[in-house]
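Here are the chains, one letter per residue:
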Amino acid sequence: MLAGPFPPCQFHLGQGTGYHVAPMADYFIADLHLDPRRPTVLDAFVRWLEGIVPDLGALYILGDLFEAWIGDDASDPVFDPLLDRLAGLARDHHPLYFMPGNRDFLVGDALARRAGWTALDEPARIQCYGTLVGLLHGDTFCTEDHAYQAFRAQVRNRAWQQQFLSRPPAERRAMAVAAREASQQHNAQAADFLMDVTPEAIDEFMRRENLSCLIHGHTHRPAIHHWILDNVPRTRIVLGDWYEQGRILRWDEAGYRLETVGIPPDRS
Ligand code: MN
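Residues numbered from 1 in each chain as written. Predicted model: local features only at pLDDT ≥ 70, side-chain atom pairs only at ≥ 80, totals over all residues. Heavy atoms only, no water.

A. Spotlight on the sheet that holds strand 1 (residues 25–29). Taken in spatial order, the six strands line up as 4-3-2-1-10-11 in an open sheet, and their pairing is mixed. Among the strands making up the open sheet, the edge pair consists of strand 4 (118–119) and strand 11 (255–262). With four bridges joining them, strand 1 and strand 10 (residues 245–252) adopt antiparallel strand pairing. Within the sheet, the bridge partner assigned to D26 lies in strand 10 and is W251. (Pairing = 2+ DSSP bridges. Helix = DSSP H or I, 4+ residues; strand = E, 2+ residues; numbered from the N terminus.)

Dropping the structure here:
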């Protein structure tokens, strides 16, 4: 077992001056499942964004930002303040990145332009304070859930997406509600191991991509896993969801840690 976080790999020192540039941090989030029916989460997220501005380097959103996304042309106005806030951060030169999840795979270029983020292909590879890190939403690792993987293959198909997006918004909304109900029923009946990643799929990915560090969401099981594979220490950071509390990963020159954000209970 490898104890503790990664050592600092990179220091942001003013070049040759000996002065520290303002300390920065990169933030990683996933599975906010933003929903007009859960306004307190949306508010808490916007407030959290305000709070991190002073040290915000890059923000990585690793999927399921939205509970459901049926097309950029059918965005709910309730999300406008958030999208304005994100666009403001991007204008102020904070790099924003978005990778879709299994709820918001129909997020497209129009929303990217609106929010000011750069779309990330899955898997993505980034350098974070000297460490090469793989980024995924995480659903592709749930390989034992064959029914889900079949559904995923269908809805990630370009022709299927174009066909879906050509339907009127009301029809799309009804289809999304039906899909969500089917998925909830499936998940309620599925064995626990189906809802988590398959360890072999993780190992295979780490080997193939030659990675020692991986960050993903989707399972809503926040944790930092350390293990040895082929004599190489590996780390898998799982981001949590935003239900009882917000969950984030903050990574700065001193290392990384999972943190929580308070969400007041819904007054409905
Ligand atoms: Mn997901």
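B. Structural view of the pairing of strand 7 (residues 213–216). Side-chain alternation along strand 7 places C213 and I215 on one buried face and L214 and H216 on a second face that is also buried. Two strands pair when backbone bridges link them, and strand 6 (residues 131–136) and strand 7 are joined in this way by four bridges, in the parallel orientation. Considered in strand 7, the bridge of L136 is made with H216. Of the pairings in the sheet, the one linking strand 7 to strand 9 (residues 232–238) comprises four bridges and is parallel in character. Looking across to strand 9, one finds that L214 is bridged to R236. (Buried < 20%, exposed > 50% of the residue type's maximum accessible area, 1.4 Å probe, protein only.)

C. Inspection of the side chain of Q161 at higher detail. Tracing the sequence through the fold places Q161 in helix 5 (residues 158–165). Separated by 2.8 Å, the side chain of Q161 and the backbone oxygen of V155 make a polar contact. Not counting residues within four places of it along the chain, the set of residues in contact with Q161 comprises F105, L106, V155 and R156. (Polar contact = N/O pair within 3.5 Å; in protein donor to acceptor, adjacent residues only side chain to side chain. Contact = heavy atoms within 4.5 Å.)

D. Structural context of the sheet that holds strand 8 (residues 223–229). Taken in spatial order, the five strands line up as 5-6-7-9-8 in an open sheet, and their pairing is mixed. One side of each edge strand has no neighbouring strand; the edge strands of this open sheet are strand 5 (124–128) and strand 8. Averaged over all adjacent pairs, the angle separating strand axes in this sheet is 25 degrees, with direction ignored. Packed on one face of the sheet, helix 7 (residues 199–209) meets strand 5, strand 6, strand 7, strand 8 and strand 9 and runs near 65 degrees to strand 8. (Axes fitted to C-alpha atoms, helices over the stretch in contact; angles between N-to-C directions.)

E. Looking closely at the pattern of salt bridges. Under the criterion given, the structure shown has 20 salt bridges. E67 serves as the salt-bridge partner of R180, at 3.2 Å between the closest nitrogen and oxygen. Of this pair, R180 sits in helix 6 (residues 169–189) while E67 sits in the loop between strand 2 (56–61) and helix 2 (80–91), and the two are 113 residues apart along the sequence. The salt bridge partner of D73 is R172, with a shortest N-O separation of 2.8 Å. Of the two residues, D73 sits in the loop between strand 2 and helix 2 while R172 sits in helix 6, which places them 99 residues apart along the sequence. Using a relative accessible area of 57% as the deciding quantity, one classes D73 as exposed. Among the residues examined, R172 registers a relative accessible area of 1% and is labelled buried. Residues joined by salt bridges that share partners form a network here, namely R125, E204, R208 and E209. (Salt bridge = Lys/Arg side-chain N within 4 Å of Asp/Glu carboxyl O.)

F. Broad picture of the environment of A147. Among the secondary structure elements, A147 is positioned in helix 4 (residues 146–155). Note on A147: relative accessible area 49%, which makes it partly exposed.

G. Quick peek at unusual backbone geometry. The linkage connecting E122 with the following residue, P123, adopts the cis geometry, with an omega of -5 degrees. Within the fold, P123 resides in the loop between strand 4 and strand 5. In this model, H93 sits at a positive phi of 70 degrees, which is unusual for a non-glycine residue. With respect to the element layout, H93 can be found in the loop between helix 2 and strand 3 (96–98). Phi at N210 takes a positive value of approximately 55 degrees, unusual for a residue other than glycine.

H. Expanded view of the packing of aromatic side chains. With the rule as written, the count across this model stands at 15 aromatic pairs. Taking 5.5 Å as the distance between ring centres and 85 degrees as the angle between the ring planes, the aromatic pair formed by Y27 and W48 counts as edge-to-face. Here the residue Y27 occupies a position in strand 1, and W48 occupies one in helix 1 (residues 39–52), the gap between them amounting to 21 residues. We note that Y27, like W48, is buried. (Phe/Tyr/Trp six-rings, centres within 6.5 Å; stacked < 30°, edge-to-face > 60°.)

I. View of the environment of R114. Relative to the helices and strands, R114 resides in helix 3 (residues 109–115). Here R114 falls in the partly exposed class, since its relative accessible area comes to 32%. It is 15 Å that separates the C-alpha atoms of R114 and H94, two residues lying 20 residues apart in sequence. If sequence neighbours within four positions are ignored, R114 has contacts with D80, L83, D84 and A87.

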